[in-house]
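Single-letter residue listing:
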Amino acid sequence: SVLPAFKYSEALAQEDVFQVISCQLTGLSTQTTEAKAAIQTDMEAARQQVQQAEAALEQVKESQRQGVSQLEVKVNTLIETQEQLQAAKDEKKKVKNENHDDILMGEKLREAKSKNVAIDEGAFCCLLNGSWTSTEERKEKLATLK
């Protein structure tokens, strides 16, 4: 016998241990691969959620920017309208003051016209016709001329 010290039973026992360890390592390797795949899947899902959240946040920001822009347009329109309203009020006040002056002038002109008509119809007619008969009537007619 060439190998007198070789113990076949020990070799078989070591082979069995080696097989057990090999199976355990294969099992651990499979578990590690499955865990790695699960972690990668979870990380990809989390990455997608982050991207979706960022996209939603950007949409909200854009919506807010548009809202602010529309509000600025409305505020500017309101300011312009208030300025136009104030200008119209000022113009109305100016016209009202001018109309008031015109009304006063018109009233004075009507009064003067009515006095003039009274003088023309009363005193001048009598003066031209010579129809004053009494001194008292003459004083009354002359008083209207003043």
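The structure displayed is predicted, hence computed values, not measured ones. Along each chain, the written sequence defines residue order, and numbers are assigned to residues from 1. Local features are withheld for residues below a pLDDT of 70 in this predicted model, meaning they are given only at 70 or higher, and side-chain atom pairs are given and counted only at 80 or more; totals for whole chains, interfaces and linings count all residues. Here the side-chain values reflect all heavy atoms present in the structure, with hydrogen atoms and water set aside.

**Overview of the overall build of the chain**
(1) Moving on: When its secondary structure is counted, the chain shows 2 helices and 0 strands.
(2) Moving on: A 1.4 Å probe rolled over the protein chains alone gives each residue an accessible area, and that area as a share of the maximum for its type sets the label: buried under 20%, exposed over 50%, partly exposed in between. Scored against the burial criterion, the 146 residues of the chain give a buried share of 5%.
(3) Moving on: For the chain, the exposed surface amounts to about 13,100 Å²; the carbon and sulfur share of it is 57%. Helix and strand assignments come from DSSP, with helices taken as H or I runs of at least 4 residues and strands as E runs of at least 2, each series counted from the N terminus. Only the protein chains shown count as cover for residues, and the accessible areas themselves come from Shrake-Rupley with a 1.4 Å probe.

**A few points about the pattern of salt bridges**
(1) Moving on: One speaks of a salt bridge when a side-chain nitrogen belonging to Lys or Arg is within 4 Å of a carboxyl oxygen belonging to Asp or Glu. Per the counting criterion, the structure on display carries 3 salt bridges.
(2) Moving on: A salt bridge links Glu44 to Arg47; the shortest N-O distance between them is 2.9 Å. Here the residue Glu44 and the residue Arg47 both occupy positions in helix 1 (residues 8-129), the gap between them amounting to 3 residues, near one helical turn.
(3) Moving on: Judged by relative accessible area, which is 36%, Glu44 ranks as partly exposed.
(4) Moving on: Among the ionic pairs, Glu58 bridges to Arg65, the shortest N-O distance being 3.4 Å.
(5) Moving on: One salt-bridge network, held together by shared partners, links Glu58, Glu62 and Arg65.

**Things to note about a nonpolar patch on the surface**
(1) Moving on: Residues Val17, Ile21, Leu25 and Leu28 make up a contiguous nonpolar surface patch of roughly 370 Å² in combined accessible area.
(2) Moving on: Relative to the helices and strands, Leu28 resides in helix 1. For patches, a residue must show more than 30% relative accessible area and have no salt bridge; joins then use 9 Å for like charges and 5 Å for nonpolar side chains, namely Val, Leu, Ile, Met, Phe, Trp and Tyr.

**What to know about a negative patch on the surface**
(1) Moving on: A surface patch of like charges, here negative, comprises Asp90, Glu91, Glu98, Asp101 and Asp102.
(2) Moving on: Asp102 sits in the exposed class, given a relative accessible area of 51%. When charges are counted, Lys and Arg contribute as positive and Asp and Glu as negative, whereas His and the chain ends are disregarded. Charged side chains are reduced to one point each, which is NZ for Lys, CZ for Arg, CG for Asp and CD for Glu.

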